[in-house]
Amino acid sequence: MKVEVRSRVSDEFYEQVKRAVASFPSYYDRLNTTIALAPRIKNIFPDMRSDWHHLGMMHRGATNTIGLSEYGRFLTDCPRLFKNGSIVEAIAHETGHAFDLRVFGDGDNLEYFSLQPDQPFLKAWQADLADLLEQPQSYSSLDIQFQRHMEPDGRGTKETFAEIWANAHGHSALSHVGIDDIQSYFPRSAQIVHDCIRSLS
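Overview of the structure. (Residues numbered from 1 in each chain as written. Predicted model: local features only at pLDDT ≥ 70, side-chain atom pairs only at ≥ 80, totals over all residues. Heavy atoms only, no water.)

1. A closer look at the environment of I192
Then step 1. With respect to the element layout, I192 can be found in helix α6 (residues 187–200).
Then step 2. Between the C-alpha atoms of I192 and D181, which are eleven residues apart in sequence, the distance is 16 Å.
Then step 3. When neighbours within four sequence positions are excluded, I192 is seen to be in contact with F113, P120, F121 and A124. (Helix = DSSP H or I, 4+ residues; strand = E, 2+ residues; numbered from the N terminus. Contact = heavy atoms within 4.5 Å.)

What follows is the structure in structure tokens.
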């Protein structure tokens, strides 16, 4: 992975990102992914949907780029910026998307492994989701961000793969809302992700 500054960021932020990238296993070199830095995510992806401008991180499969912003924005009645303090967690999650597409999927045709009906992950996720839907009490008290992993339009499978990937490497992109690990909610899916990781060793 290479780090590229797209718009001026602080030296502190740049060094934090460089240290985070260096902390990941050597098989991350297979990604050939660019981590693009800027003060805000819209500086990296100016054509993105305006309702996503608050994000602090984003993976774009078509360009094999992970956007990482120094600042995010709280979605409140009085929006304000906050310093992105979840750098390692963000990279761990977004590289999960990159591995899903570029290593285990077909990056040239933008076909994610997690969405392929002939691959085991989608079947595992569907079985896990069916179990969850039968026990709403198991997740109803969790932050609403958890529910994006249950969305049936393809987003749920991709987000689940990426977050389990992060969890398997000791990180969580949901820790800021009190969710440190989703693997117990998606045990079959987690097994497939761990199999993928073992295949890289």
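2. A short note on helix α3 (residues 87–103)
Then step 1. With 17 residues, α3 extends 22 Å between its outermost C-alpha atoms, agreeing within 8% with the 24 Å of an ideal straight helix rising 1.5 Å per residue.
Then step 2. The buried fraction of α3 amounts to 13 of the 17 residues, a majority that puts the element mostly inside the structure. (Expected span 1.5 Å × (residues − 1). Buried < 20%, exposed > 50% of the residue type's maximum accessible area, 1.4 Å probe, protein only.)

3. Notes on the packing of helix α4 (residues 120–134) against α6
Then step 1. The contact between α4 and α6 brings their axes to 7 Å, and the two run at 155 degrees. Classed by the angle they form, the pair α4 and α6 counts as roughly antiparallel. Here P120, F121, A124, W125, A127, D128 and D131 of α4 lie close against α6, whose contacting residues are P187, R188, S189, I192 and V193.
Then step 2. Taken together, the residues of the contact of α4 with α6 sort by class into eight nonpolar, one polar and three charged. (Axes fitted to C-alpha atoms, helices over the stretch in contact; angles between N-to-C directions. Parallel < 35°, antiparallel > 145°, perpendicular 65-115°, else oblique. Nonpolar A, V, L, I, M, F, W, Y, C, P; charged D, E, K, R; others polar.)

4. Examining the pairing of strand β2 (residues 34–38)
Then step 1. Extensive coverage of β2 is indicated by the burial of five of its five residues.
Then step 2. Burial along β2 is two-sided: T34, A36 and A38 and I35 and L37, pointing in opposite directions, are all buried.
Then step 3. For strand β1 (residues 2–5) and β2, the ladder comprises four bridges, and the chain directions are parallel. Note that in β2 the partner of E4 across the bridge is A36.
Then step 4. Traced from β1 through helix α1 (residues 11–22) to β2, the parallel crossover comes out left-handed. (Pairing = 2+ DSSP bridges. Right-handed = clockwise from strand over helix to strand, strands pointing away.)

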